[in-house]
Amino acid sequence: MSKNLRLGAASIAFSQPLYIESAASIVSQKEADGPLGNLFDLVCEDPMFGCDTWESAESTLQKETATQAISKAGLSSEDIHLMFAGDLLAQTSATCFGSAGLGIPFYGLYGACSTIGEALSLGSLALTAGFGTRVLCATSSHFATAEKEFRFPLGYGCQRPLSATWTVTGSAACILSPEAPHPSEIVGSSLLRSTLGSVAITGITTGKVIDFGFRDSLNMGGCMAPAACDTIYRHFEDFGRSVNDYDAVLTGDLGVVGRQILLDLLKEKNIDLSSVHQDCGLLIYDNQKQDTHSGGSGCGCAASVLAAYILPRVVSGFWKRVLFVPTGAMLSKVSFNEGESVAGIAHGVVIEHISKETEV
């Protein structure tokens, strides 16, 4: 078997694709009212998800999403060897309580809104090293828990600046496997396999923490854009690729403000990404009708857009190769209140359509 190819300081081209066997996404009503509303697997009109606290609601949300992803693949929890998951809350509490009943060996992650990229990267590394045959990658966010954790109680009714993003109430989960899934006539986020081929991860570029000295916690796009620029630039350099090698480059959560900063920073490096760039924070909401200011954010933003929108387009062959770059703002209540700046991070994941002729 050929070896994985280490490229640059933090990029890896996998010798064998890591297949995304299934994916699930669950959101609340606000997300369902957006442009992608009919693509999500389940919409829960009750933001409490039948629970007594916001935190319990998010735990329930993530657990149900993970359960759906497992069920769609025709598996049980016993078939999953490792779980990589996280959320925005202190000590990743939503994930810890949500995963408790699944009985899957668990690694808790914190990459802020980039967590799904971190989970997919680590899950791919574990599988390609032979540590298991299936890995579950999951994450979630909730508007109310994030506001309570990082900003102000909702009852304060604080005015939000135009640079602010709206934390997505949503969750997504993916199951990775080194084996190509069996063909199915079903194409979409329910079962990511078709008679045309499959969808797989073929490479990663691990992000660096990039600190431009931003101290505005209500301008997440500005804090994260430099990290997205660094990861995308290093990815192109490491893989020897350009914009023309991708059908789409999708960032997470930059929103209106962050997207423009990213495009400007890349132009300084002679990269014009505008023709293929989309941002998950701008895809999930209609900013003109839903009053989300700069767009969407949160761990559940890029993750739910990935499961509901990106993966079905790849497995159908509409997109042959995309670069998925979820972004995160690395701050806490303590660091922000002590005057520290808000650094960013972004993880790059190469996702490709694998035709039936080339499946191994």
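Just above sits the structure.
Residues numbered from 1 in each chain as written. Predicted model: local features only at pLDDT ≥ 70, side-chain atom pairs only at ≥ 80, totals over all residues. Heavy atoms only, no water.

A. Expanded view of helix H6 (residues 220–239). Along its 20 residues, H6 runs 28 Å from first to last C-alpha, staying within 8% of the 28 Å computed at 1.5 Å per residue. Summarising burial for H6: 18 of the 20 residues are buried, a large majority. Just past H6, the residue Gly-240 takes up positive phi, approximately 65 degrees. (Helix = DSSP H or I, 4+ residues; strand = E, 2+ residues; numbered from the N terminus. Expected span 1.5 Å × (residues − 1). Buried < 20%, exposed > 50% of the residue type's maximum accessible area, 1.4 Å probe, protein only.)

B. The arrangement of the nonpolar core in detail. Core analysis: the biggest nonpolar cluster contains 50 residues, and Leu-120, Ile-201, Leu-306, Ile-310, Phe-324 and Ile-351 have the highest contact counts within it. The element that contributes the greatest number of residues to this core is helix H10 (residues 299–315), accounting for 12 residues. Residue contacts for Phe-324: discarding those within four places in its chain leaves Ile-116, Leu-120, Leu-250, Cys-280, Ala-302, Leu-306, Ile-310, His-347, Gly-348, Val-349 and Ile-351. If you look at the next biggest cluster of nonpolar residues, it comprises 34 residues, including Met-224, Ala-227, Phe-236 and Leu-331. (Core = buried A, V, L, I, M, F, W, Y, C linked by side-chain atoms within 4.5 Å. Contact = heavy atoms within 4.5 Å.)

C. Looking closely at the packing of aromatic side chains. Applying the stated rule across the entire model yields 5 aromatic pairs. A centroid spacing of 5.8 Å and a plane angle of 85 degrees characterise the contact between Tyr-309 and Trp-319, whose relative ring orientation is edge-to-face. Note that Tyr-309 is positioned in helix H10 and Trp-319 in the loop between H10 and strand E14 (321–330), a separation of 10 residues in sequence. On the basis of relative accessibility, which here comes to 10%, the residue Tyr-309 falls in the buried class. Aromatic ring contacts, followed pair by pair, group Tyr-309, Phe-318 and Trp-319 into a single cluster. Lying across the ring of Trp-319, Arg-313 places its NZ or CZ 5.1 Å from the centre. Sitting above the plane of the Tyr-246 ring, Arg-321 keeps its charged end 5.7 Å from the centroid. (Phe/Tyr/Trp six-rings, centres within 6.5 Å; stacked < 30°, edge-to-face > 60°. Lys NZ or Arg CZ within 6 Å of the ring centre and 35° of its normal.)

D. Molecular detail of unusual backbone geometry. Unusually for a residue other than glycine, Thr-92 sits at a positive phi of about 40 degrees. By secondary structure assignment, the location of Thr-92 is in the loop between strand E4 (82–86) and helix H3 (93–99). Overall, Thr-92 belongs to the buried group, its relative accessible area being 11%. A positive phi angle is found at Asp-291, which is not glycine, with a value near 55 degrees. Along the polypeptide, Asp-291 turns up in the loop between helix H9 (287–290) and strand E13 (296–297). Relative accessible area serves as the criterion here: at 53%, Asp-291 is assigned to the exposed category.

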